[in-house]
Amino acid sequence: MTSFVHYLLPWEFSPLVVLFCLLAGGVYLRGWSRCRRTAQPVGYWPLASYMTGLLIVYLVMQTRFDYLSQHMLWIHRLQHLVLHHLGPFLMMLGNPGKVLAQGVPAGFQAAVLAPLWRFPPVRALYALLQNAVVAPLLFVGLIWFWLLPDVHFTAMLSAGRYQLMNWSMLIDALLFWWLILDPRPRHAARRLGYGARIVILTLIVPPQILIGAHMALAKVSLYPVYNVCGRAWPISPLVDQQIAGLVTWIPASMMSVIGVLLLVRRWMNESQNTALPAAGLS
Amino acid sequence: MTRPRHNLWAVAVLLMLAAGCARSPSPWGLHDISGLMPPLVFTLHDGSGHIRHAYDFRGEVVLLYFGYTHCPDICPTTLASLVSATRRLGAAADRTRILFVSVDPARDSPAVLQRYQQAFGPRVTALSGTPAQLRELTRRYRVSYGLGKPDADGRYEVSHSSAVFIFDRDGAARLLATGTDGAGKIATDLKRLLDG
């Protein structure tokens, strides 16, 4: 039992991760319970999805899993699968735009968030990151960048760069999956159409397959840093790399397939609804 | 409406990112880890059982290596290669220190450490510590180690990193040598570090 608790303790305690998770969870819960009292409450499934996503993000960053991620390539790839795909995907299924807006205290919203949002560089940066061309390039580009052997080497040696790597993967994924899964009605301002979203999800698959296949099929060890710093347990470097390649290749592509299916269903539902004369559009 | 201004800001952001990525080529033969890893800090004990701290070795270029004395081949080979590298420095060898940290304190008592370091000459100091002290130090330099399952005779293998972390005379992390780096290459960089 004590050893079980031992594994749940952070390997390298990060106040920033704990603060992020507490805030993201707390504000969402507050917003969700406030939404319950309105005419359009948010259901239990979005709540469960958001919280599950947040929980797995916390677990891969602040438990012994983090130690394994630093000392085994394929577990590192698993960690990034959670940070870049699975965790943020589940969180964005929780309708966070609506719920978090309800959850943030009104005073804070008026005093800090609204002025920040009016600040041109912030708006420009957001517009850039949510651009239909930039977003997928950045999403795949970050996977590619942190897996460049030289970059990966220093990211695994330096605690600061390691944190930067994980945060960049997480933040970019939250933005990317928000762009893809944004549940606002079809004619809401600045919302990307379903067709474009499906194209994006399809286009990010081949590069991820290439990155994964490059690792899985390589005949030499591409990431010597795990030899230098030592692996979590004895395993051949090539076997480690092959599993890592498969983790990058298959589940990541599956996420796109699931995303497309979800969007197609929403698209069909919305087409049926808008066909009715009573359907309200904003 | 403010679209052109948005684009200007976007270009500015991209330019700053690009500027941050530009780097000049490294003058070192080994991996340059300046600024990547924290300065040398530890509390361990030596072969006479005395407590030793990192600041005891200020003024010397420190080569830090993790291993265990029962290690059949890699540890002695690496230590021999490091000793050979320091010998190539001539008189300047006196300003270097090879710290061999055993991650197997159960078998490597101070007496064992003392005998082991004597086999490698005066530049090598063998250290070890409590499991908590060793965990602290290995976590600091992001290296792993693990004790294998004992066989019928109670013998077991220990997995450890192959990294040699090199610190300058102020204790700042500067270079990283790996198992494949030869004594000549290490000596060249040590000389540059001592001169610089």
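Bear in mind the structure is a predicted one, so any value in this text is a computation, not a measurement.

Trainee: Residues and numbers for the overall build of chain B, please.
Mentor: Helix and strand counts for chain B stand at five helices and 10 strands. Across the 196 residues of chain B, 46% fall into the buried class. Contacts in chain B between residues far apart in sequence, at least 24 positions, make up 74% of those at least 6 positions apart. For chain B, the exposed surface amounts to about 9900 Å²; the carbon and sulfur share of it is 58%.

Trainee: So what's going on with helix α3 (residues 44-61) of chain A? Residues and values would help.
Mentor: Residues and elements named next belong to chain A. Taking 1.5 Å of rise per residue, 18 residues should cover 26 Å, and α3 covers 26 Å from first to last C-alpha, within 8% of that figure. Within the span of α3, buried status applies to L47, S49, Y50, G53, L54, I56, V57, V60 and M61. Of the surrounding elements, those touching the buried residues of α3 are α2 (15-36), α4 (65-71), α5 (73-92), α6 (96-103) and α11 (159-181).

Trainee: Talk me through the environment of R139 of chain B; I want residue IDs and the actual numbers.
Mentor: Checked against the element boundaries, R139 of chain B lands in helix α4 (residues 131-140). On the accessibility criterion, R139 of chain B (22% relative accessible area) is partly exposed. Along the chain, R139 of chain B and P72 of chain B lie 67 residues apart, while their C-alpha atoms are 25 Å from each other. With near-sequence residues (within four places) excluded, R139 of chain B lies in contact with W11 and E12 of chain A.

Trainee: Go over the interface of chain A and chain B with me, naming the residues and quoting the values.
Mentor: Contact with chain A, which involves 25 residues of that partner, is made by 20 residues of chain B. Summed over both partners, the interface of chain A with chain B comes to about 2100 Å²; 63% of that surface belongs to carbon and sulfur atoms. Connecting chain A to chain B are one salt bridge. Linking chain A with chain B are 10 residue pairs in polar contact (both at pLDDT 80 or more), by the criterion used here. Contributions of two or more residues to the side of chain A that touches chain B are made by α4, α8 (120-129), α10 (149-157), α11 and α14 (225-229) of chain A.

Reading the values: rules and limits
- Residues numbered from 1 in each chain as written.
- Chains lettered and ligands numbered in written order.
- Predicted model: local features only at pLDDT ≥ 70, side-chain atom pairs only at ≥ 80, totals over all residues.
- Heavy atoms only, no water.
- Helix = DSSP H or I, 4+ residues; strand = E, 2+ residues; numbered from the N terminus.
- Buried < 20%, exposed > 50% of the residue type's maximum accessible area, 1.4 Å probe, protein only.
- Contact = heavy atoms within 4.5 Å.
- Areas by Shrake-Rupley, 256 points an atom, 1.4 Å probe, with all protein chains shown as cover.
- Expected span 1.5 Å × (residues − 1).
- Buried area = accessible area lost by both parts, 1.4 Å probe.
- Salt bridge = Lys/Arg side-chain N within 4 Å of Asp/Glu carboxyl O.
- Polar contact = N/O pair within 3.5 Å; in protein donor to acceptor, adjacent residues only side chain to side chain.

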